[in-house]
Every structure is written in structure tokens, then in C-alpha cells.
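Residue strings, one per chain:
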Amino acid sequence: ILEDYNATEVVDNTKRVLKTYQLPQGYSYKFTGEQEEQAKMMAFLGKALLIAIILIFLILVAQFNSAITPVIISLSVVLSLIGVLLGLIIFKLDFIVLMTMLGVISLAGIVVNNAIVLIDYVNLLIERKKKELNAPEGSLLSKDLIYDSIIQAGKTRLRPVLLTAITTILGLIPLAYGININFITFFTDFDAHYYVGGENVMFWGPLSKTVIYGLTFATFLTLVIVPVMYFILFRIKIRLNKSKVIDLNTDF
């Protein structure tokens, strides 16, 4: 057993060697055991992630009564996956199929919250401006008014979005690094038996770190990418429906 290797690396090296190895006629090989179980687990968790995204999308469609806005919000899940992979690469961590994928599935339900909070408030501001202008039903605000609404929503929702992400990340740090405190002995004997690590970290650490990396990356990109895509979407709507566009100079 070599140090600094895992089963996947060993199997990859073995496959690389076997590419140039001539097997006797009538013989073949395949990888079973841990690799076979990992492939089955990955297929199952991949389906679970897809089902989770579809269910989230359907709920958003029913809530926003739109198909385009939920697509923009669902893209924050993709942004979180980029953050997970970057975090694993930067800190040189292994991709644990079971717990890392469970963390990714958990992220699918967590990271969309920030986008929902932001987009919902933008829609609220747009409806308020329409009422102020006494705009007819089905009309569209001008590009400048939409831009102002997005900027105002970003300023107003910046603190709630950051606080939600920060509290979640800080809450997962003890689980990710195995911070152990015995509160019973702390209050009875004034000895907390504090230590870092333990067997639980091997199991829960990959899941917690996956959520931490994905949520950190997706939060900051959500504050930039989601509003930009929302603005691009409205610009396309304005170009397709120029007759319905209103601005501050419109007289009803």
C-alpha cells in the first residue's frame, strides 16, 4: 500500500499500463470491487441531483409564473459546482463519491435561496414602479428603469444574502474540521475536553467542505451573474415588444 495514493489513482495508473499490455487470446479484464460500487453510486447520486434540480425548477415556475426566471436561478447551482471543484483542486482534496455528491445535492437547495431573494425583490420593485406610473397590464418598463430596480435590489439584499451564506458556512466549520467540545464536563468540571479531528471528520468532512466551497463561490457570483442575466433577459423582451415599453416620459 503506497502512501499519498487513493484507489482511483491506482486504478487509473493500472488502466494506463494495461493499454499497452497484450493479453493472451481469449482473456479479458474488468475492474470490480470498490470501482464498480463507486460507478453504481455515482449513477444513483447523479439521478438524485437531476431529480432535485427538476423539482426545484418546477416549484420556481409555479412561484414566479415564468419559465425563464427559474432557469436563471437554477444556474446558481452550476456556479456552486464550479466552486466545489475549485475548492477541491486548490486544497488538494479527494472527490469522495458518496459524501461529496451528497454535499452537491444539498447545495442545489441552498444556493438558489440567494438568487430567489434577489430576483423576488427586483420583481417587487418593478411592480411598484408600474403602479407609480399607472402602467397598463402587460406593459414593460424601459431599460433604464429595469437597471435602476436591479441596482436598488442589489444594494438592499446584499446584507441578507451575505449574512445567510456566512452563517451557513460558519455553522458547518465545526463539522468540516471536527471541532469537539464536551459542554457537560465544561459546566461541571470546567474542562471542555476540546480537540480537533476524530473519526467523524472522515465521514462528514467531505460533505461539509463541499457545501462551504460551493456556497462561498456561488454567493459572490450570484450577486453578479444573476442580475446581469436578468437584465439581459429584459433587454431581449424590450427588443421583442417595443410597443409595450414605458418610461418616465410616457403619458397614459
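Above this note sits the structure.
Residues numbered from 1 in each chain as written. Predicted model: local features only at pLDDT ≥ 70, side-chain atom pairs only at ≥ 80, totals over all residues. Heavy atoms only, no water.

1. Quick notes on the packing of aromatic side chains
In this structure the tally under the stated criterion is 6 aromatic pairs. Where Y29 meets F31, the ring centres are 5.9 Å apart and the plane angle is 85 degrees; that geometry is what we call edge-to-face. The interplanar angle of 90 degrees and the centroid separation of 5.0 Å between the aromatic rings of F203 and W204 together place this pair among those described as edge-to-face. Its relative accessible area of 42% is what places F203 among the partly exposed residues. We note R157 situated over the ring of Y121; from NZ or CZ to the ring centre the distance is 4.3 Å. (Phe/Tyr/Trp six-rings, centres within 6.5 Å; stacked < 30°, edge-to-face > 60°. Buried < 20%, exposed > 50% of the residue type's maximum accessible area, 1.4 Å probe, protein only. Lys NZ or Arg CZ within 6 Å of the ring centre and 35° of its normal.)

2. Section: a negative patch on the surface
Taken together, the side chains of E3, D4, E9, D12 and D94 present a region of like negative charge at the surface. Among the secondary structure elements, D4 is positioned in the segment before α1 (7–18). Under the relative-accessibility criterion, D4 is labelled exposed at 76%. (Patch = residues over 30% accessible without salt bridge, like charges linked within 9 Å, V, L, I, M, F, W, Y side chains within 5 Å. Areas by Shrake-Rupley, 256 points an atom, 1.4 Å probe, with all protein chains shown as cover. Salt bridge = Lys/Arg side-chain N within 4 Å of Asp/Glu carboxyl O. Lys, Arg positive; Asp, Glu negative; His and termini not counted. Charge placed at Lys NZ, Arg CZ, Asp CG, Glu CD. Helix = DSSP H or I, 4+ residues; strand = E, 2+ residues; numbered from the N terminus.)

3. Some remarks on unusual backbone geometry
The residue N65 is not glycine, and still its phi comes out positive at about 55 degrees. As for its position among the elements, N65 is in the loop between α2 (34–64) and α3 (68–90). A residue is classified by how much of its surface remains accessible, and N65, at 70% relative accessible area, is exposed. Positive phi, close to 55 degrees, is recorded for F190, a residue that is not glycine. You can see F190 is positioned in the loop between α7 (183–188) and β3 (195–196).

4. Quick notes on the packing of α1 against α2
Remark: α1 packs on α2, axes separated minimally by 11 Å, with the N-to-C direction vectors making an angle of 110 degrees. When the axes of α1 and α2 are compared, the pair comes out roughly perpendicular. From α1, A7, T8 and V11 reach across to α2, where they touch E34, Q35 and Q38. For the contact of α1 with α2, the per-class residue count stands at 2 nonpolar, 3 polar and 1 charged. (Axes fitted to C-alpha atoms, helices over the stretch in contact; angles between N-to-C directions. Parallel < 35°, antiparallel > 145°, perpendicular 65-115°, else oblique. Contact = heavy atoms within 4.5 Å. Nonpolar A, V, L, I, M, F, W, Y, C, P; charged D, E, K, R; others polar.)

5. With respect to a nonpolar patch on the surface
On the surface, V71, L75, V78, I82, L86, I90, F91 and L93 cluster together into a nonpolar patch covering about 660 Å² of accessible area. Relative to the elements of secondary structure, V71 occurs in helix α3.

6. Examining the side chain of S208
Note that S208 resides in helix α8 (residues 199–240). Residue classification places S208 among the buried residues on the basis of a relative accessible area of 0%. Among all residues touching S208, those that are not within four sequence positions of it are L172, L175 and A176.

Coordinates in, geometry out; function isn't part of it.
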